[in-house]
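Structural overview for review
Listed below are the residues making up each chain.
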Amino acid sequence: MSRIEQLIDEIEAYIDSCKSQAFNSRKIIVDKDEMDDLLAELRHRTPEEIKRYQKIISNQEAILSNAKGQAEAMLAEATKQTNELINEHEIIQKAYARAGEIIEQANAQAQQIVDRAAEEANGMREGSIHYADEMLRSLQTIIRHTMENAENKHSAMMAALQSNYDVITSNRQDLAPEEIMPEEIRESASTAQA
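Given the structure is predicted, the values throughout are model-derived calculations rather than measurements.

Across its full length, the protein carries three helices and two strands. Helices and strands in the protein line up, N terminus first, as α-β-β-α-α. Per-residue burial over the protein gives 8% buried out of 194 residues. Sequence separation of at least 24 residues holds for 42% of the intrachain contacts in the protein that already meet a minimum separation of 6. For the protein, the exposed surface amounts to about 16700 Å²; the carbon and sulfur share of it is 57%.

The next point concerns the confidence of the model for the protein. In the predicted model, the protein carries a mean pLDDT of 80, and the fraction of residues at 70 or more is 90%. Ranking the elements of the protein by mean pLDDT puts helix α3 (residues 183-193) last with 60 and helix α2 (residues 32-175) first with 83.

Another aspect to go through is the pattern of salt bridges. On inspection of all chains with the given rule, the structure shows five salt bridges. In this structure, the salt-bridge partner of K32 is D36, at a minimum N-O distance of 3.1 Å. In this pair, K32 and D36 both sit in helix α2, four residues apart, roughly one turn of the helix. Classification of K32 by relative accessible area gives exposed; the value is 59%. Relative accessible area serves as the criterion here: at 36%, D36 is assigned to the partly exposed category.

Next up on the list: the nonpolar core. Formed by I4, L7, I11, Y14, C18, M35, L38 and L42, the largest nonpolar core amounts to eight residues. Secondary-structure elements contributing two or more residues to this core are α1 (3-17) and α2. Here the element with the most residues in this core is α1; it accounts for four residues. Excluding anything up to four places from it in sequence, I11 contacts M35, L38, L39 and L42.

Criteria and cut-off values
- Residues numbered from 1 in each chain as written.
- Predicted model: local features only at pLDDT ≥ 70, side-chain atom pairs only at ≥ 80, totals over all residues.
- Heavy atoms only, no water.
- Helix = DSSP H or I, 4+ residues; strand = E, 2+ residues; numbered from the N terminus.
- Buried < 20%, exposed > 50% of the residue type's maximum accessible area, 1.4 Å probe, protein only.
- Contact = heavy atoms within 4.5 Å.
- Areas by Shrake-Rupley, 256 points an atom, 1.4 Å probe, with all protein chains shown as cover.
- pLDDT = per-residue confidence, 0-100.
- Salt bridge = Lys/Arg side-chain N within 4 Å of Asp/Glu carboxyl O.
- Core = buried A, V, L, I, M, F, W, Y, C linked by side-chain atoms within 4.5 Å.

Here it is, written out as structure tokens:
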């Protein structure tokens, strides 16, 4: 609140505090010296306040021009930053898109490599199985021939042994009478006859 406004308030308060004249409430009794002092100070203060307000008003255009310049500078800076952000956003979007393309290409190449490796592994596996089967078939044939040869040789050997055993048993029987023939010769002779 300015000093002029304070003085006006003080004058109003003073008037309100003054006594009314007898028989007339519209008229009051005022202390002339006190009223003169308040009005003199009001007169004295008024030119100062008016000058201050005039200075503010004359500076108003400069202040508004300065504020307008600052606002335009802030707006230009905000626009510049917005454009930079938009450009950065576009660059980031392009980078993400390019990264996505590279990832897709890498995934496709990786899948091709995996598929090729799986085909080669399956081919090698089939080749290994075929080779192992051939080797096992050859081994099976060798073992079968060996078993057949062994069985034939065993049969021939058993037949030869049985023939020799029979000859020996017959020779012993011829040499010894039956009553003194050992028990084992009698059992083998009865087995041979059966």
